[in-house]
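Spelled out from the first residue to the last, the chains are:
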Amino acid sequence: MKTRAITGLVMGVVFIPLIIIPELLIPFQILMIAGVVIAALELLKMFDKDKIMGKDIKAITVGLTLVVYLGTAWFSAKTVVSLNGHLGTKFMLGSFIAIMGSLALMIWKNDFTGSDVGKVLTTVFYVGVGFGSLVLLRLLGLRFISYLFLITVCTDVFAYLFGVKFGKTKMAPNISPKKSWEGAITGTIVATIIAGLFGLFYGKIFTGGMFNPNGAYDTILTGTTLSNTNFEGVLIFVLTILLSVVGQIGDLVASKFKRTYDVKDFGNVFPGHGGVMDRFDSAIFAATFFVLILLLLAF
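The text that follows walks through the structure, step by step, so that each part is easy to find. (Residues numbered from 1 in each chain as written. Predicted model: local features only at pLDDT ≥ 70, side-chain atom pairs only at ≥ 80, totals over all residues. Heavy atoms only, no water.)

This paragraph deals with the pattern of salt bridges. All chains considered together, the criterion is met by eight salt bridges. Between Asp 251 and Lys 179 there is a salt bridge, with its nearest N and O atoms 3.3 Å apart. Within this pair, whereas Asp 251 is found in helix α9 (residues 232-260), its partner Lys 179 is found in strand β2 (residues 176-180), the two being separated by 72 residues in sequence. The exposure class assigned to Lys 179 is partly exposed, which follows from its relative accessible area of 24%. Among the ionic pairs, Asp 278 bridges to Lys 258, the shortest N-O distance being 2.8 Å. A residue pair is termed long-range when its members are at least 10 positions apart, and Asp 278 in helix α10 (residues 276-298) and Lys 258 in helix α9 qualify at 20 residues. As far as burial versus exposure is concerned, Asp 278 and Lys 258 are alike and both buried. (Salt bridge = Lys/Arg side-chain N within 4 Å of Asp/Glu carboxyl O. Helix = DSSP H or I, 4+ residues; strand = E, 2+ residues; numbered from the N terminus. Buried < 20%, exposed > 50% of the residue type's maximum accessible area, 1.4 Å probe, protein only.)

Shown next, in the form of structure tokens:
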């Protein structure tokens, strides 16, 4: 517990400035690229429990993951970013390269089968799109990424604390025996209150600049059904609930992977917390869903 707390404190000291200070966008991007590489290798190491992939296949998989990541998260120096334009051609091109490249490996490697393609594509899109979505939220506005992490961190922390103390009803005993419905519901309630109020009072999640009113690395979703509506506050809280639930689903998905391949943690980058995927499993799942919602609202 002490090691976990110290690691969490260090992570907070390093990571929080990267998501709340506009000028640190480039260091944030660099950190995410490192996270993509490590997370992809963690998944591939897990898949080795079933069948060991060669170093060449792993190197190509990491490369394809970075291609999809860049297709999702690549940015220019423009002041205002169009969400629709940002996720257009570059994402489709990255996805095409990843899919065709993965399938082509079956021709190049005789022992590379269809199930291996599935493992590669799972790694490529699970990690690439997930971490790319985090960077895209950071690019769209500091309020988006701060809001997202408030939800996932509050959900995780309070679900754990309340679940350990009062959890009785197991949520998924065959996947994650320590998780309880009592903890999950409490985590969502607390996250909804804290992150919902954050979104409601700091510039409005959907219509204004939360930390950056001048608009740098920001966007305003004009023309959406949420602009200038009396129901915006209610919708923010509804979205917060959804993101909290989706984040917990992401956590359970990661737990299912670990249970299936009989590993305790994806890695050991963060003492007491496990690997990169152990720390970001909820965030990348929720971030991908959040980007999807924003994309739909931007049409």
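Take the pairing of β2 next. Looking down a regular strand, the side chains alternate between one sheet face and the other. By the bridge criterion, two bridges tie strand β1 (residues 170-172) to β2 in an arrangement that is antiparallel. Across the sheet, residue Lys 170 finds its bridge partner in β2, namely Ser 180. (Pairing = 2+ DSSP bridges.)

Let us now look at the packing of helix α1 (residues 2-20) against helix α7 (residues 142-166). Viewed as axis vectors pointing N to C, α1 and α7 meet at an angle of 145 degrees, and their least axial separation amounts to 8 Å. Contact residues: Phe 15, Ile 19 and Ile 20 in α1; Leu 142, Ile 145, Ser 146 and Phe 149 in α7. Here the residues of the contact of α1 with α7 are counted per class, giving six nonpolar, one polar and no charged. (Axes fitted to C-alpha atoms, helices over the stretch in contact; angles between N-to-C directions. Contact = heavy atoms within 4.5 Å. Nonpolar A, V, L, I, M, F, W, Y, C, P; charged D, E, K, R; others polar.)

Another aspect to go through is unusual backbone geometry. Its identity as a non-glycine residue notwithstanding, Asp 262 has a phi of 55 degrees, on the positive side. Mapped onto the secondary structure, Asp 262 falls in the loop between α9 and α10. Given a relative accessible area of 61%, Asp 262 falls into the exposed group.

Right, let's talk about helix α6 (residues 114-140) for a bit. Since there are 3.6 residues in each turn of an α-helix, residues three or four apart along the chain are aligned in direction. In a regular helix each residue adds 1.5 Å, so 27 residues correspond to 39 Å; α6 covers 37 Å between its end C-alpha atoms and thus fits that length. Counting buried residues along α6, 21 of its 27 residues qualify, which places the element largely inside the surrounding structure. (Expected span 1.5 Å × (residues − 1).)

Looking now at the packing of aromatic side chains. Within the structure shown, the criterion is met by eleven aromatic pairs. Between the aromatic rings of Phe 47 and Phe 257, the centroid separation amounts to 6.3 Å while the plane-to-plane angle is 80 degrees, which identifies the pairing as edge-to-face. Remark: Phe 257 occurs in helix α9 and Phe 47 occurs in helix α2 (residues 25-47); sequence separation between them is 210 residues. The exposure class assigned to Phe 47 is buried, which follows from its relative accessible area of 2%. Between Phe 162 and Phe 166 the ring centres are 4.8 Å apart and the planes differ by 40 degrees, which places this aromatic pair in the tilted class. One end of the pair is Phe 162 and the other is Phe 166, both in helix α7 and four residues apart, which spans about a single turn. Relative accessible area serves as the criterion here: at 45%, Phe 166 is assigned to the partly exposed category. Taken together, the ring pairs connect Phe 15, Phe 28, Phe 131, Phe 149 and Phe 280 into an aromatic cluster. Over the ring of Trp 108 we find Lys 109, and its NZ or CZ is 5.7 Å from the ring centre. The ring centre of Phe 28 lies 5.8 Å from the NZ or CZ of Arg 138, which sits over that ring. (Phe/Tyr/Trp six-rings, centres within 6.5 Å; stacked < 30°, edge-to-face > 60°. Lys NZ or Arg CZ within 6 Å of the ring centre and 35° of its normal.)

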